[in-house]
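Chain by chain, the residues:
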Amino acid sequence: MAVMPFAVAAERELADGQLRANLGRATRTIRDKRARVVAEVADWEPMRDRAAAVKDEVLDNLAELLARFEAAAVAAGAVVHHAQDAAHANAIVTGLVQGQRAESVVKIKSMATQEIGLNEALEAAGITPIETDLAELIVQLADDTPSHILVPAIHYNRSQIRELFARRMPGFTATSDEPAVLAGAAREYLRRTFLAAKVAVCGANFAIAETGSLVIVESEGNGRMCLTLPETLIAVVGVEKLLPRFADLGDFLRLLPRSSTGERMNPYTSIFTGVTPGDGPQRLHIVLLDNGRTQVAQDPVGRAALRCIRCSACLNVCPVYERAGGHAYGSVYPGPIGAILSPQLTGQDAGFNKTLPYASTLCGACYDVCPVKINIPEILVHLRQTGPKPVAERAAMSTLSWVMRDRRRWRAALRAARSGSAPLRLIARRHGGTLRRAPWPLSAWTAHRDAPLPAAESFRDWWRRTHEQS
Amino acid sequence: MRIALFVTCLNDALFPQAGIATVALLERLGHTVAFPAAQSCCGQMHANTGYAAPARQLERLTEAAFAGHDVIVSPSGSCVAHLRAHTALPAYELSELLVDVLGVTDVGATFPHRVTYHPTCHGLRALRLGDRPATLLRAVKGLDLIDLPEPEQCCGFGGTFALKNAAVSGAMLADKIANAESTGAEYLAAADNSCLAHIGGGLARHPRAPKPIHYAEILAATGALS
Ligand code: SF4
């Protein structure tokens, strides 16, 4: 994926009319569905508060809860690994797959494995990763990257998918682009793969410290196949996925499907604990992934981003995401959550990360829908304040504030702006008082809209004339 | 009641009519308006663009300018939201002052025009103004309030977002303008001249689109505008 500043990438994506139409239709549908099913739940708001509090409890007690999870999982027969960063996690997983002499692995859709670039690492070691989530499979067959957390192929429509299957899926012969036909073809292709697989790789939506259990929430049943058929199962789990107690899970299983797919209940929820002899995988490896999370948990404002349960409700309501699409964010996590998570996890100075906190109007629609009440606008502003800034802008901002802090300077500035713009006012009169074309840097403004001009009399001059000189 | 006006830097310099209308309206309702001259900017633009230190200085300056005032009104939803989050000042957005503090919904205005109202993000989600502005507008004599489609959609302004992400901002603006045009209204009203500068700048390029107006000017009006 080419990495470029958000504004440049977004402008390129905006020019793609097909992409805009696909995205606009898809996000509007999910967003309306979500609004309907959330409105049905009388205790939605207190539930969001509880969920946020549970996640904050996890962040406050991360080390202790990780130790409790590990002890419980090991007691149930799992092997637990700790990975500091992406390279470390990839090395652990690759080593485990090689230990089983497997040439391929089946995968359940997982953001954590995308975050660490596991597929690329496996391929480099000669192992073929096979995505089994339909949308992930589409993206993989197209040699593309996902553009949405939950609906990775949201930027494709069904005729584009049919054409892709015809080109890349062995044995595909269908001529219809009915969703059922396309899904049926994918199912047949995947069924053969499941039965032959020796190793599966998954993530987890939740990890219960009390019992050592992992929880996976999915819609297609491909997860069930991966979790039960192969002999070896490797789970890559971000440390923030913990929940302290099994009883905490209830709220989250109500919040997640309504927020993400707009469904009342999730179709396939798998909860598994360790190894059961003679039933399911006989080797369970859990790789607990840090990759910057402990660091983020130290930031009193930014840490709330770690509450995220990857529902993608914030993407679906974001007016910027809807127009720019997921690829413009240049990171594994797109949309509002990506704009606050990527700079924190991979560094605010890292190329495109610099521009992500600015990829928002701070309209607040994301905060309103987030099931764990992450104040995304607040974190965006926090990252803007702590991140790198252009020199010229910094100078302009401090000059402006210096002028504004003194009433004489401010009044003089208002008068200077007024007389300085007097000639412009003559030109502007033609357009009803606004300026159609301004020089750089205001040309960025007038490219899309007229600019207002300083008023002939400022408010404070009016006040002085009408209220103080009588 | 004695009410202190925080006019905001943007209105002071570019859109004094909103401040003048607020003063005229409150005086017509029998109140005394004060204008502490030491005020300038609440710091919102600095804070949101990433400059915490100058923002803090401007917040402190605003606090000092309004010290001792029990009721402060501002015709700007986003500035009130900023003051509420970063200072202890008793600041009210105009519709909050009228409906919640003064208990009026009919301010005795006349404005015989078709009007549509854009709620703005800060009014909608930071201040939760709800139907206060619409209630006030519906009581205006002669005014025909027409619903704006997709009212909750951001107009694409977002302060420096409009410059830093000009293309996306322009695309959002285009959708807002199309919705405004579809109402057939003569005026598009809002509670924030920052959003209105952006939307109005776009509307100016569409001859048949509604004209932008701050809703304070409607509430202050006593007859038709030419
Ligand atoms: S930030 Fe909130 S709304 Fe966005 S994906 Fe995470 S949990 Fe969902």
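If you're wondering where the values come from, they're calculated on a predicted model, not measured in any experiment.

Time to look at the confidence of the model for chain B. Taken residue by residue, chain B gives an average pLDDT of 96. The fraction at 70 or more is 100%. Interface predicted TM-score (ipTM) for the complex: 0.96; the corresponding pTM is 0.94.

Each aromatic ring pair is specified by the distance between its two centres and by the angle formed by the two planes. If you walk through the whole model with that rule in mind, you get 13 aromatic pairs over all chains. Ring geometry for Trp445(A) and Phe157(B): centres 6.1 Å apart, planes at 80 degrees, overall edge-to-face. Of this pair, Trp445(A) sits in helix H22 (residues 443–446) while Phe157(B) sits in the loop between strand S6 (144–146) and helix H9 (161–164), on two different chains. Here Trp445(A) matches Phe157(B) in class, with each residue buried. A network of ring pairs unites the aromatic residues Phe459(A), Trp462(A), Trp463(A) and Phe35(B) as a single cluster. Between the NZ or CZ atom of Lys389(A) and the centre of the ring of Tyr51(B), over which it lies, the distance is 5.3 Å. Just above the ring of Trp445(A) sits the side chain of Arg449(A); from NZ or CZ to the centre is 4.4 Å.

Residue and element names in this part refer to chain B. Bridge count for strand S1 (residues 2–5) against strand S2 (residues 32–34) is 3 bridges, and the pairing is parallel. Residue Ala4 lies in a different strand from S2, and its bridge partner there is Ala34. Taken together, the 2 bridges between S1 and strand S3 (residues 72–74) define a ladder with parallel strand orientation. Paired with Ala4 across the bridge in S3 is Ile72.

For the rest of this paragraph, the subject is the sheet that holds strand S5 (residues 206–208) of chain A. Residue and element names in this part refer to chain A. Here we have 4 strands laid out as an open sheet, ordered S8-S5-S6-S9, and mixed in their pairing. Looking along the sheet, the strands with just one partner apiece sit at the ends: strand S8 (242–243) and strand S9 (268–273). Sheet topology note: the S5/S8 ladder contains 2 bridges and is parallel. When the bridges of S8 are listed, Ile208 appears paired with Leu243.

Let's shift gears to the side chain of Asn205(A). Its location among the elements puts Asn205(A) in the loop between strand S4 (199–202) and S5. Those residues in contact with Asn205(A) that sit more than four places away from it in its chain are Val215(A), Ile216(A), Val217(A), Lys241(A) and Leu256(A).

With that settled, consider the site of the ligand. All names here are of chain A. Around the ligand, the neighbouring residues are Cys308, Ile309, Arg310, Cys311, Ser312, Cys314, Ile337, Cys370, Pro371, Val372, Ile374 and Ile376. The cavity that encloses the ligand is the second largest cavity. Looking at the shell around the ligand residue by residue, the class counts come to 10 nonpolar, 1 polar and 1 charged.

Thresholds, definitions, all that
Residues numbered from 1 in each chain as written. Chains lettered and ligands numbered in written order. Predicted model: local features only at pLDDT ≥ 70, side-chain atom pairs only at ≥ 80, totals over all residues. Heavy atoms only, no water. pLDDT = per-residue confidence, 0-100. Phe/Tyr/Trp six-rings, centres within 6.5 Å; stacked < 30°, edge-to-face > 60°. Helix = DSSP H or I, 4+ residues; strand = E, 2+ residues; numbered from the N terminus. Buried < 20%, exposed > 50% of the residue type's maximum accessible area, 1.4 Å probe, protein only. Lys NZ or Arg CZ within 6 Å of the ring centre and 35° of its normal. Pairing = 2+ DSSP bridges. Contact = heavy atoms within 4.5 Å. Near = heavy atom within 4 Å. 1 Å grid on protein atoms, 1.4 Å probe; cavity = no way out; pocket = protein on both sides within 12 Å on 5 of 7 lines; lining within 4 Å. Sits in = over half its atoms within 2 Å of the grid points. Nonpolar A, V, L, I, M, F, W, Y, C, P; charged D, E, K, R; others polar.

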